[in-house]
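Letter by letter, the chains look like this.
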Amino acid sequence: MTHLFKRLALYVLGIFFLAACNKHITEKDQEKLPRRKLQDLVFTLDSISDFKPNLFYTKISTKFSDTNREISFKTSIRMVQDSAINTMITYASLPIVNSMITKDSVVIVNKKDKCYIRQSLDYIKENFAVDFSFTNIEELILGLPVDFDSAQKYFMVHDPYNYIISSHKKREMRRNERLAKEDLIIQYVLTDDAKALKGMYIESPSDSASIKVDYITREIVGGFDLPKEVFIQIISPRNNIRIFMDYEKTEVNERRELILIIPENYEECK
């Protein structure tokens, strides 16, 4: 069980960082969508990309499975925009992992094993193969387009049933043309009314790593369009991970204290 809880801590962080996955957005029988101009869809992504609450709280019911196990747990998230993300994982109603992520550090406290991890933000890249920033983590949690840049050139993916905008041309994705070693291929899928983000497919070709995120349902909280039910499938050469998350009791711009305590008798996790 000790090994399980150590891996669980990493996997939960991995939900909000990156590992790997294949396409999952459900294909369903539907009519072809009206054609829209590329610049209109890019404008939609631009308009929602920076719309963040200053303060955010939610409690997430999570169902996790990989090639070896299935497990359910709760995760509470307290977030201060552009500053800190505080998470607490509980299993069978007992707190087992507490963490704090800032722009330059990651601290994880393993309450079961009475140990802690204190690393720079490079810890994310070292463990999850992708160089994600603090802002990218915020974007994933809040259901915003990850790493969107209005100054970048984007391309339409021709799909009559989905509005998909890509950071790279199709032939570049096939041939890995002009892709730097740590370059990411990102595809944004918009809702059928082209007003919100339905999902993302993020791939790191150099690491054979990618992640698919489906925002199954959303809810309006305090004027913000936030995730409600989210499915993430992570596939890597070493594992196949499926995560279903249900956001509950979400609050915005309500102050909550961020808490992380490392008891004196805790040692660094090995």
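Residues numbered from 1 in each chain as written. Predicted model: local features only at pLDDT ≥ 70, side-chain atom pairs only at ≥ 80, totals over all residues. Heavy atoms only, no water.

**Student:** Any chance you could explain the overall build of the chain here in plain terms?
**Tutor:** Across its full length, the chain holds five helices and 14 strands. Among the 270 residues that make up the chain, the fraction classed as buried is 49%. Partitioning the contacts of the chain with sequence separation of at least 6, the portion at a separation of at least 24 is 56%. Put simply, the chain shows about 14000 Å² of open surface, and 47% of that area lies on carbon and sulfur atoms. (Helix = DSSP H or I, 4+ residues; strand = E, 2+ residues; numbered from the N terminus. Buried < 20%, exposed > 50% of the residue type's maximum accessible area, 1.4 Å probe, protein only. Contact = heavy atoms within 4.5 Å. Areas by Shrake-Rupley, 256 points an atom, 1.4 Å probe, with all protein chains shown as cover.)

**Student:** Could you clarify how one ought to interpret the confidence of the model for the chain in this entry?
**Tutor:** Interpretation of this model should avoid reading the predicted coordinates in detail wherever pLDDT is low. Model confidence for the chain is summarised by a mean pLDDT of 83, while 81% of its residues fall at 70 or above. Per-residue pLDDT, averaged within each element of the chain, yields its smallest value for helix α1 (residues 2–15) (49) and its largest for strand β8 (residues 163–166) (96). Across residues 1–9 the pLDDT falls below 50, and counting only partners more than four positions away or on other chains, this stretch makes 20 contacts in the model. Overall, residues 16–26 carries pLDDT values under 50, and its contacts beyond four positions in sequence, including any with other chains, amount to 56 contacts. (pLDDT = per-residue confidence, 0-100.)

**Student:** Help me understand the state of the cysteines, please; the structure alone is not making it clear to me.
**Tutor:** In protein structure, a disulfide is the covalent linkage between the sulfur atoms of two cysteines. The tally for this structure, following the rule as stated, stands at one disulfide. Linked covalently through their sulfurs, cysteine 115 and cysteine 269 form a disulfide whose S-S length is 2.1 Å. On the S-S bond that ties cysteine 115 to cysteine 269, the torsion sits near 90 degrees, and the link is right-handed. Taken together, the positions of cysteine 115 in strand β6 (residues 115–120) and cysteine 269 in the segment after β14 (267–268) put the pair 154 residues apart, joining distant regions of the chain. (Disulfide = S-S within 2.5 Å.)

**Student:** Just checking my understanding: could you explain helix α4 (residues 134–142) for this structure?
**Tutor:** Counting buried positions over the nine residues of α4 gives eight, a clear majority of the element. Taken residue by residue, α4 has Phe134, Asn136, Ile137, Glu138, Glu139, Leu140, Ile141 and Leu142 as its buried positions. The first or second residue beyond α4 is glycine 143, which carries a positive phi of 75 degrees.

**Student:** Is there a simple way to explain the packing of aromatic side chains in this structure?
**Tutor:** In this description, an aromatic ring pair is defined by two values, namely the gap between the centres and the angle between the planes. Within the structure shown, the criterion is met by four aromatic pairs. Considering the side-chain rings of phenylalanine 51 and phenylalanine 224, the 4.5 Å spacing of their centres and the 25 degrees angle between planes classify their relative orientation as stacked. Note that phenylalanine 51 is positioned in the loop between α2 (38–49) and β1 (55–65) and phenylalanine 224 in strand β12 (residues 224–236), a separation of 173 residues in sequence. Look at phenylalanine 148 and tyrosine 154: their rings are 5.1 Å apart centre to centre, the planes differ by 10 degrees, and that puts the pair in the stacked class. Each member of the pair phenylalanine 148 and tyrosine 154 is classed as buried. Taken together, Phe148, Tyr154 and Tyr188 form an aromatic cluster joined through their ring pairs. Lying across the ring of tyrosine 215, arginine 218 places its NZ or CZ 4.9 Å from the centre. Positioned above the aromatic ring of tyrosine 57 is the side chain of arginine 256, whose terminal nitrogen or guanidinium carbon lies 3.7 Å from the ring centre. (Phe/Tyr/Trp six-rings, centres within 6.5 Å; stacked < 30°, edge-to-face > 60°. Lys NZ or Arg CZ within 6 Å of the ring centre and 35° of its normal.)

**Student:** Any chance you could explain the pairing of strand β9 (residues 185–190) here in plain terms?
**Tutor:** In regular strands, side chains alternate between the two faces of the sheet. With six of six residues buried, β9 is to be regarded as a mostly interior element. Side chains Ile185, Gln187 and Val189 of β9 all project onto a buried face; the interleaved residues Ile186, Tyr188 and Leu190 project onto the opposite face, where all are buried too. Relative to strand β10 (residues 197–204), β9 runs antiparallel, the two sharing six bridges. By the bridge assignment, leucine 190 is partnered in β10 with leucine 197. (Pairing = 2+ DSSP bridges.)

**Student:** Even after reading the chapter, I still don't get the environment of lysine 32, so can you show me in this structure?
**Tutor:** Mapping lysine 32 onto the fold places it in the loop between α1 and α2. The class for lysine 32 is exposed, based on a relative accessible area of 61%. As for lysine 32 and tyrosine 161, which are separated by 129 residues in sequence, their C-alpha atoms are 5.1 Å apart. Not counting residues within four places of it along the chain, the set of residues in contact with lysine 32 comprises Pro160 and Tyr161.

**Student:** Help me out: how do you make sense of the environment of serine 204 in this one?
**Tutor:** By the secondary structure assignment, serine 204 is in strand β10. Residue classification places serine 204 among the buried positions, given a relative accessible area of 2%. As a C-alpha pair, serine 204 and leucine 184 span 20 residues in sequence and 5.0 Å in three-dimensional space.

**Student:** Please clarify how the environment of alanine 209 should be interpreted in this entry.
**Tutor:** For alanine 209, the position within the fold is in strand β11 (residues 209–221). It is 8.6 Å that separates the C-alpha atoms of alanine 209 and isoleucine 234, two residues lying 25 residues apart in sequence.

**Student:** What is the right way to look at the pairing of strand β13 (residues 239–252) in this model?
**Tutor:** As defined by bridge partners, β1 adjoins β13 across nine bridges and the pair is classed as antiparallel. From the neighbouring strand, tyrosine 57 faces β13, where its bridge partner is glutamate 251. In terms of strand pairing, β12 meets β13 through eight bridges, oriented antiparallel. Counterpart to serine 236 in the pairing with β13 is asparagine 239. Two successive antiparallel strands, β12 and β13, enclose a turn made up of two residues.

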